[in-house]
Amino acid sequence: MVRNARPARARVPLKIGADARGAAGTSAAQVLAPVTEVPDDLVELGYIGDAYGIRGWIKVQPHGGDGGGLLSADSWYLQRPGDSTYTKAKVLQSRGHSGTVVAQLRGSDSRTAAEALKGLQVWVPRSAFPTADEDEFYWVDLIGAQVTNLQDESLGTVVGLLDNGVHTVLRVAYEVPAADGKPAKTAERLIPFVGQYVQTVDTEAGRIVADWGLDY
């Protein structure tokens with residue numbers, strides 16, 4: 001099983017976002033703490049989709065996988081989409097729930113407080129992820145990997161992953177050269193991330209070998 005994570009972005013100092021304050025007075029402010037430094041290995045793992053119940057719990061929609069990084073971290077870094085600032089929240093309890101992660105954050109003691117957090121992106125340091133088994137890989141470690149086939153032909157670069165409910169699929173981008181008066185363009189190959197097709201994965205070298213043809 002491939003666990004989910006997204007590539008980290010540039011880091012900036014944290015502070016409470018104005019949107020969060022305005023959502024429900026001080027409800028969000030009592031949950032979100034400003035900090036002066038952020039880890040340089042933050043990874044975006046999902047977003048807060050809704051409140052969960054009436055006691056201040058939230059429901060996080062992971063970007064894919066089982067949310068293992070969310071469940072292992074005792075604090076989350078939060079960000080409004082389009083905002084350049086971050087905040088931090090202490091995770092008191094968390095668990096998986098029907099493909100999502102539900103959690104109680106310190107200071108969130110009512111549904112109103114939880115609803116004020118809707119839409120926030122959730123980030124976790126890569127160093128806080130649990131150790132993956134030998135045949136498991138985090139998505140963040142696959143992004144940017146160069147993919148070649150058994151003939152050592154380049155298939156492209158991993159730019160994302162999809163979860164179709166059955167297995168994970170690699171989105172591999174490659175360049176199509178100009179021909180017949182048509183300009184060059186970028187296209188994608190979708191390669192199932194299963195043992196039948198993916199032969200080797202070397203995350204340290206950033207290389208994946210797949211049994212896949214150039215014309216597939």
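Model, not experiment: these values are computed from the prediction.

Analysis parameters
Residues numbered from 1 in each chain as written. Predicted model: local features only at pLDDT ≥ 70, side-chain atom pairs only at ≥ 80, totals over all residues. Heavy atoms only, no water. Pairing = 2+ DSSP bridges. Helix = DSSP H or I, 4+ residues; strand = E, 2+ residues; numbered from the N terminus. Axes fitted to C-alpha atoms, helices over the stretch in contact; angles between N-to-C directions. Buried < 20%, exposed > 50% of the residue type's maximum accessible area, 1.4 Å probe, protein only. Phe/Tyr/Trp six-rings, centres within 6.5 Å; stacked < 30°, edge-to-face > 60°.

A. Quick look at the sheet that holds strand S3 (residues 57-62). On the basis of which strands lie adjacent, the closed barrel formed by six strands has the order S2-S3-S6-S5-S4-S7 and antiparallel pairing. For this sheet, the mean angle separating the axes of adjacent strands, direction not counted, is 45°. For strand S2 (residues 42-52) and S3, the ladder comprises six bridges, and the chain directions are antiparallel. When the sheet's bridge partners are listed, Ala-51 is paired in S3 with Ile-58.

B. Focus on unusual backbone geometry. Residues other than glycine seldom take positive phi values, yet Ser-98 does so here, at roughly 50°. Along the chain, Ser-98 turns up in the loop between strand S5 (87-97) and strand S6 (100-105). Notably, Asp-152 is not glycine yet its phi reads approximately 65°, a positive angle. Within the secondary structure, Asp-152 is located in the loop between strand S9 (146-149) and strand S10 (154-163). Exposure remark for Asp-152: the relative accessible area of 55% places this residue in the exposed category.

C. Examining the packing of aromatic side chains more closely. Within this structure, the stated rule accounts for five aromatic pairs. Ring geometry for Tyr-86 against Trp-123: centres 5.6 Å apart, planes inclined by 75°, an arrangement best described as edge-to-face. Residue Tyr-86 is found in the loop between strand S4 (75-79) and S5, and its partner Trp-123 is found in strand S7 (residues 121-125); the two are separated by 37 residues along the sequence. For Trp-123, a relative accessible area of 0% gives the class buried. Three or more aromatic residues link up through ring pairs in this structure, and these residues are Tyr-197, Trp-212 and Tyr-216.

Take it as geometry only, folks, not as evidence of what the structure does.
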